[in-house]
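Here are the chains, one letter per residue:
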Amino acid sequence: MLAVALMALAWFYTAPPLRLNYRALGEVTCATVLYGMGPLLAALLQPGGLSALLLWCTAVVCVLQVLRCLIMNFADMEGDRLVGKNTLAAALGPVRVARLYACGQGVLYAGVLALAAAGELPFLVAVAQLACAPAGLHVLRGLLNGAMAEPRKADGVTFWASMQLPLTTCGTMIALLVDLALRGTPAPTPWIVIAVGTTVVFAGWLTRTALVSRRPTAADGTRTRPAEPAPVEGQAERA
């Protein structure tokens, strides 16, 4: 039933008659299919079934995907409206999008703190998830400062809204593996190698991308070398 529901939601994301992504339901549908139903289906197909920890970690990435899609569609709001695509971001408008994003981030990390304090969430997992909160704060600051009105700044806001999700996923995965090892039940070696290897590759790509994005953009759209610092006031006259 879960697999059937997953395929139905995925199909009607854009297919008529539902066309969920045109009726302000695309963000939630995308998150539910990719980061909710997908992981749960994979877990149900393996021995052990579902656990409270698995449900929480799945909920975390699912919520982050909703918030990510909200920001991505915020950036495309005008174009979506022109073609009759009523996304959740377009339905809410800029002010309520910022409020919803702030509430989502606040509830998410309040949940991490509450579960960690209650002993329901391993300490290392809580630290890994909380360590990614600055990315959300950066996005929220951009929303409140009107950064989405400027293309270059809007690119940075949407980029970090997207990166918060894989950062949290990789951090949670590594923290879970370490926690298992500390409890004396380490994961199989091949899985550890794959998990650590893919995380290292992602970290390298993210670092390179972040450094390149800081370079000024030339007229032809290519990145240039960092510009020389501007002279201090009065320095040119003294020279």
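Calculation rules
Residues numbered from 1 in each chain as written. Predicted model: local features only at pLDDT ≥ 70, side-chain atom pairs only at ≥ 80, totals over all residues. Heavy atoms only, no water. Helix = DSSP H or I, 4+ residues; strand = E, 2+ residues; numbered from the N terminus. Buried < 20%, exposed > 50% of the residue type's maximum accessible area, 1.4 Å probe, protein only. Contact = heavy atoms within 4.5 Å. Areas by Shrake-Rupley, 256 points an atom, 1.4 Å probe, with all protein chains shown as cover. Expected span 1.5 Å × (residues − 1). pLDDT = per-residue confidence, 0-100. Core = buried A, V, L, I, M, F, W, Y, C linked by side-chain atoms within 4.5 Å.

A description of the overall build of the protein chain should follow, citing residues and the corresponding values.
In terms of helices and strands, the protein chain carries eleven helices and zero strands. In the protein chain, the succession of α and β elements from N to C terminus is α-α-α-α-α-α-α-α-α-α-α. The 239 residues of the protein chain split such that 34% are buried. Residue pairs in contact within the protein chain that sit at least 24 positions apart in sequence constitute 62% of those at least 6 positions apart. Element-wise, carbon and sulfur atoms account for 68% of the exposed surface of the protein chain, whose accessible area totals about 14,200 Å².

Tell me about the side chain of Thr29, residues and numbers included.
Within the secondary structure layout, Thr29 lies in helix α2 (residues 26-44). On the basis of relative accessibility, which here comes to 7%, the residue Thr29 falls in the buried class. With sequence-adjacent residues up to four places away left out, Thr29 is seen in contact with Leu9, Tyr13 and Leu20.

With reference to specific residues and values, describe helix α10 (residues 189-213).
Between the first and last C-alpha of α10 there are 36 Å, a value that for 25 residues agrees with the 36 Å anticipated at 1.5 Å per step. Within α10 the residues assigned to the buried category are Ala195, Thr199, Phe202 and Leu206. Check the buried side of α10 and you find it contacts α9 (151-182).

Before we move on, can you summarise the confidence of the model for the protein chain with the specific residues and values?
Scored by pLDDT, the protein chain comes out at a mean of 88, with 90% of its residues at no less than 70. Below a pLDDT of 50 lies the segment residues 225-239, which in the model reaches four contacts outside its immediate sequence neighbourhood of four places, other chains included.

Pulling in residues and values, what's your account of the nonpolar core?
A general feature of soluble globular proteins is that nonpolar side chains tend to end up buried together. With 20 residues, the main nonpolar core has Ile71, Phe74, Tyr101, Val139, Leu143 and Met148 as its most contacted residues. At the level of elements, α3 (52-75), α5 (88-92), α6 (94-117), α8 (133-144) and α9 are the ones that each hand at least two residues to this core. In terms of residue count, α3 provides more of this core than any other element does, four residues in total. Apart from residues no more than four positions distant in its own chain, Tyr101 is found in contact with Leu67, Leu70, Ile71, Gly136, Val139, Leu140, Leu143 and Gln164. With 16 residues, the next largest nonpolar core counts Trp56, Ala128, Ala133 and Ala175 among its residues.

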